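# Architecture at a glance
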Amino acid sequence: ESEPNWKSGELASKYQCLVCNSHLKFPIQFEDCGHHVCSVCLPDVMRITSRCPTCQQPLSRDRMVNDKILQKEIQSLKVSCSKTDKGCNWNGILSDFSDHTENCGFVIIDCTNECGIRCERRLIRKHQSDECAKRKVVCEFCKMSIVFEDEIPHLNTCPDFIVPCPNQCSNQEFKRGQMQHHLDHECSKQLLSCPFVDCGCEHRSERSLISKHIKESPGLHLNLAGKTIAVQNKLIQAFDERLNEQKKWIEVLAKKVNALEKTYGAQYIWKIDHYQEHLQEARSNKKTTLFSPPFLTSRHGYRLALAICLDGDGKGAR
Ligand SMILES: [Zn+2]
Ligand SMILES: [Zn+2]
Ligand SMILES: [Zn+2]
Ligand SMILES: [Zn+2]
Ligand SMILES: [Zn+2]
Ligand SMILES: [Zn+2]
Ligand SMILES: [Zn+2]
């Protein structure tokens, strides 16, 4: 906070604090020597020297008092604004000075838009309405509110910004957002392929010339269309033939499957792994009987397992 201008010229030394070099605020008086420091400056004094900054007398905490009379006296000193030289003509007493500073038009403040500019309070409104890079402006095309410094990038994408047709079809101008529709459906100068492109016509021209192109060579286009239909008919035929062949194949295969099922019925094949080892075990009577994994005779049939004695069993034993 800046100091005011004292009406008396210099501030009398009895009103000064030697610690903060400003006028005394809520002064504390040392009872032994009668000198003062501010309340907020006292802790520093006690911590650093514990001596009166004016006369170097040692201090003790129980020998000091709040000097309320001096506080009142200082607060009623006549002052003028610290910005008198800049043009402020405020006069008053010290106790009103901080309120004045809050409103003084000549005090320098930061722009509240956080643009980084500092200027006198009385100029801030003009700055914020005319110059501030962060001021709000309205896009004249889409009426959206934008920050001034974003205006150029916005205009490069604004859907309502007016642009001429890239094909220069006329002097007409369009909103950017409607340009694609214009090019796709209206623009007489947009380059298009002949609608017979799938039949093989490679002609490309401006939209306005396409119907002329077709009218000029109806024979060519009918011919192309006819050929295309013929080719496609052949393809469909070939496709039908392959489909029929495959149907026949499926019938043949179905018959074969049927025949096989009748000939063999259900079969169970048990492949014995490590047959030689099992045979050795059976011969040496270590493990005479081998069981198959369980199986079903049919989907809802019996659940069975086979047993085999590789070296014979009972009377059949070798
Ligand atoms: Zn002080
Ligand atoms: Zn002293
Ligand atoms: Zn002022
Ligand atoms: Zn600003
Ligand atoms: Zn806009
Ligand atoms: Zn156009
Ligand atoms: Zn064509």
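Residues numbered from 1 in each chain as written. Chains lettered and ligands numbered in written order. Predicted model: local features only at pLDDT ≥ 70, side-chain atom pairs only at ≥ 80, totals over all residues. Heavy atoms only, no water.

Under an unreviewed UniProt entry, the name given to the protein is TNF receptor-associated factor 6, and the source organism is Rotaria socialis. Recorded under Subcellular location (unreviewed entry), the UniProt text for the protein is reproduced unchanged: "Cytoplasm". (UniProt positions renumbered as here; feature names shortened; annotations may be inferred.)

### Section: helix α9 (residues 275-283)
Every buried residue belonging to α9 is among H278, L279 and A282, and all of these are buried. The arc that holds the buried residues of α9, viewed along the axis, is 100°, so those residues lie on one side. Facing away from the buried side of α9, by more than 90 degrees, are the exposed residues Q276 and E277. Buried residues along α9 sit against β15 (289-291). Looking at the residues trailing α9, positive phi occurs at N285, about 60°. (Buried < 20%, exposed > 50% of the residue type's maximum accessible area, 1.4 Å probe, protein only. Helix = DSSP H or I, 4+ residues; strand = E, 2+ residues; numbered from the N terminus. Arc of directions from axis to C-beta. Contact = heavy atoms within 4.5 Å.)

### Notes on unusual backbone geometry
For S50, which is not a glycine, the phi torsion comes out positive at approximately 55°. Secondary-structure assignment places S50 in the loop between α1 (42-48) and β4 (64-66). Under the relative-accessibility criterion, S50 is labelled partly exposed at 27%. The phi dihedral of Q168 falls on the positive side, at around 50°, and the residue is not glycine. Of note, Q168 is situated in the loop between β11 (162-164) and β12 (173-175). Taking the relative accessible area as the measure of exposure, Q168 reaches 64% and is therefore exposed.

### As for the coordination of the zinc ion (ligand 7)
Distances from the zinc ion (ligand 7) to its protein donors, C194 (SG), C201 (SG), H213 (NE2) and H221 (NE2), fall at 2.0 to 2.2 Å. Along the chain, the residues donating to the zinc ion (ligand 7) fall in the pattern C-x6-C-x11-H-x7-H. Accessibility classification places C194 together with C201 in one group, the buried group. (Donors = N, O, S within 2.8 Å, 3.2 Å for Na, K, Ca; no water.)

### Looking at the UniProt feature "domain: RING-type" (unreviewed entry) in the protein
The sites that carry the UniProt feature "domain: RING-type" (unreviewed entry) are, in the present numbering, residues 17-56. In residues 17-56, helix accounts for 18% and strand for 18%; the two terminal C-alpha atoms are 14 Å from one another.

### Quick word on the sheet that holds strand β1 (residues 5-6)
Strands sit in the order β1-β5-β6 across an open sheet of three strands; the sheet is antiparallel. Each edge of the open sheet is held by one strand with a lone partner, namely β1 and β6 (91-93). Sheet topology places β1 next to strand β5 (residues 78-80); two bridges connect them, and they run antiparallel. Within the sheet, the bridge partner assigned to W6 lies in β5 and is V79. Contacting β1, β5 and β6, helix α3 (residues 94-103) crosses the sheet at an angle of about 125° to β6. (Pairing = 2+ DSSP bridges. Axes fitted to C-alpha atoms, helices over the stretch in contact; angles between N-to-C directions.)

### What about the packing of aromatic side chains?
Scanning the entire structure with this criterion turns up two aromatic pairs. Ring geometry for W90 versus F97: centroids 6.1 Å apart, planes at 40°, classification tilted. Across the pair, F97 and W90 agree in class, each one buried. The ring centre of F148 lies 3.9 Å from the NZ or CZ of R135, which sits over that ring. (Phe/Tyr/Trp six-rings, centres within 6.5 Å; stacked < 30°, edge-to-face > 60°. Lys NZ or Arg CZ within 6 Å of the ring centre and 35° of its normal.)

### Notes on the pattern of salt bridges
Pairing between side chains of opposite charge can happen when their charged atoms approach one another. Here the structure, examined in full by the defined rule, presents eleven salt bridges. Close ionic contact of K126 with D130 constitutes a salt bridge, the shortest N to O distance being 3.5 Å. One end of the pair, K126, and the other, D130, are both in helix α4 (residues 121-131), four residues apart, so they sit about a helical turn from each other. (Salt bridge = Lys/Arg side-chain N within 4 Å of Asp/Glu carboxyl O.)

### Some thoughts on the UniProt feature "zinc finger region: TRAF-type" (unreviewed entry) in the protein
On the UniProt side, "zinc finger region: TRAF-type" (unreviewed entry) is annotated at positions that read residues 100-143 and 154-204 here. Within the segment residues 100-143, helix and strand shares are 34% and 20% respectively, and the terminal C-alpha atoms sit 40 Å apart. Along residues 154-204, the helical share is 20% and the strand share 20%, with 36 Å between the first and last C-alpha atoms.

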